[in-house]
Amino acid sequence: MLLATWNVNGIRARAERLAAWLDDRKPDVVCLQELKIAEENFPHLELRAAGYHVVLAGQQSWNGVAILAREEPELVMRALPGAEETGARFIVAKAFDLEVASIYVPNGKTLTHADYTLKLQWLESLAAHVESRRDENAPLVLGGDFNVCRTDLDSYGGARFKGHIFHTDEERALLERILGAGLVDLYRQKHPTLPGYTWWDYRAGAFHKNNGMRLDLLLGAASVAARVKDVYVDREYRKKSDDGAVPSDHAPVVVDLQSTSRQLESG
């Protein structure tokens, strides 16, 4: 089965690209971030026609997360405990024998901006939440835009960017704390030496120069990591379409998991 995460940077602006990607790749479960749409305006009918059920936490013109699944997902929670006031950034649902969270970590802007403190607090709340659920046998997956470059390998700036936003010791320590609660970085497990960038600035030809960062992660419990067949960044959908549709500045990240016996029986 295919599970993916994608910061679409506005679902209305990216409707064409999302529809094409779903039709082309046919993922079973998708975590979306940065929807920038109120829940009442979300395109449920279009996605249902494409074969997907949706649970979401929407927010007009800002934030917003969703989980799409080929089977109807069971909503677990729509806000991160301790961070409810930071906007629509967290949703959890059960689908295909997985418990999946779609996550949009605050950007932080700059080290002197109030949003940086908010970002660290949000990551602290996420770490505490994951620690409270520590169980390596539970089929938990966190997919989303974490807005942190885990190591120098995860950024085109490498060691030169150490101490900059996305690259600080504080951000990285909190991400490692989340992983230390029993999760595995699925891409890095499969590709220990490949950068795997998922975000490129629209400006200065960053995508063509491959001046990117790996901000979008799929973190899975040990029971999920054991099922991984492949993980890849779907760079094709960071490009403009043939008809010129502008892409998100993020590319989807996809993990191919060995199906469970229940999935094989239902399939």
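The sections below set out a description of the structure shown in this document.

Each helix and strand in the protein chain was counted, giving eight helices and 14 strands. Over its C-alpha trace the protein chain gives a radius of gyration of 17 Å, about what one expects of a compact globule, namely 18 Å for 267 residues. Carbon together with sulfur atoms contributes 51% to the accessible area of the protein chain, which is approximately 11,500 Å² in total.

Quick look at the sheet that holds strand E1 (residues 2-7) now. The mixed open sheet is built from six strands, whose spatial order is E3-E4-E2-E1-E14-E13. For this open sheet the edge positions go to strand E3 (53-57) and strand E13 (228-233), each flanked by a neighbour on one side alone. Sheet twist, expressed as the mean angle between neighbouring strand axes with direction ignored, is 10°. With five bridges joining them, E3 and strand E4 (residues 65-69) adopt antiparallel strand pairing. Bridging across to E4, Ala-57 finds its partner in Val-65. Along the sheet, helix H1 (residues 15-25) makes contact with E1, strand E2 (29-33), E4 and strand E14 (253-257), crossing E1 at roughly 165°.

Our focus in this paragraph is the sheet that holds strand E8 (residues 140-145). The strand order E5-E6-E7-E8-E12-E9 describes an open sheet built from six strands, whose pairing is mixed. Of all strands in the sheet, those with a lone pairing partner are strand E5 (74-77) and strand E9 (183-185), marking the two edges. When strand polarity is set aside, the average angle formed by the axes of neighbouring strands in this sheet is 25°. Here E8 runs beside strand E12 (residues 216-221); their pairing, made up of five bridges, is antiparallel. Within E12, the position partnered with Gly-143 by the bridge is Leu-218.

Calculation notes
Residues numbered from 1 in each chain as written. Predicted model: local features only at pLDDT ≥ 70, side-chain atom pairs only at ≥ 80, totals over all residues. Heavy atoms only, no water. Helix = DSSP H or I, 4+ residues; strand = E, 2+ residues; numbered from the N terminus. Rg over C-alpha atoms; globule rule 2.2 N^0.38 Å. Areas by Shrake-Rupley, 256 points an atom, 1.4 Å probe, with all protein chains shown as cover. Pairing = 2+ DSSP bridges. Axes fitted to C-alpha atoms, helices over the stretch in contact; angles between N-to-C directions. Contact = heavy atoms within 4.5 Å.

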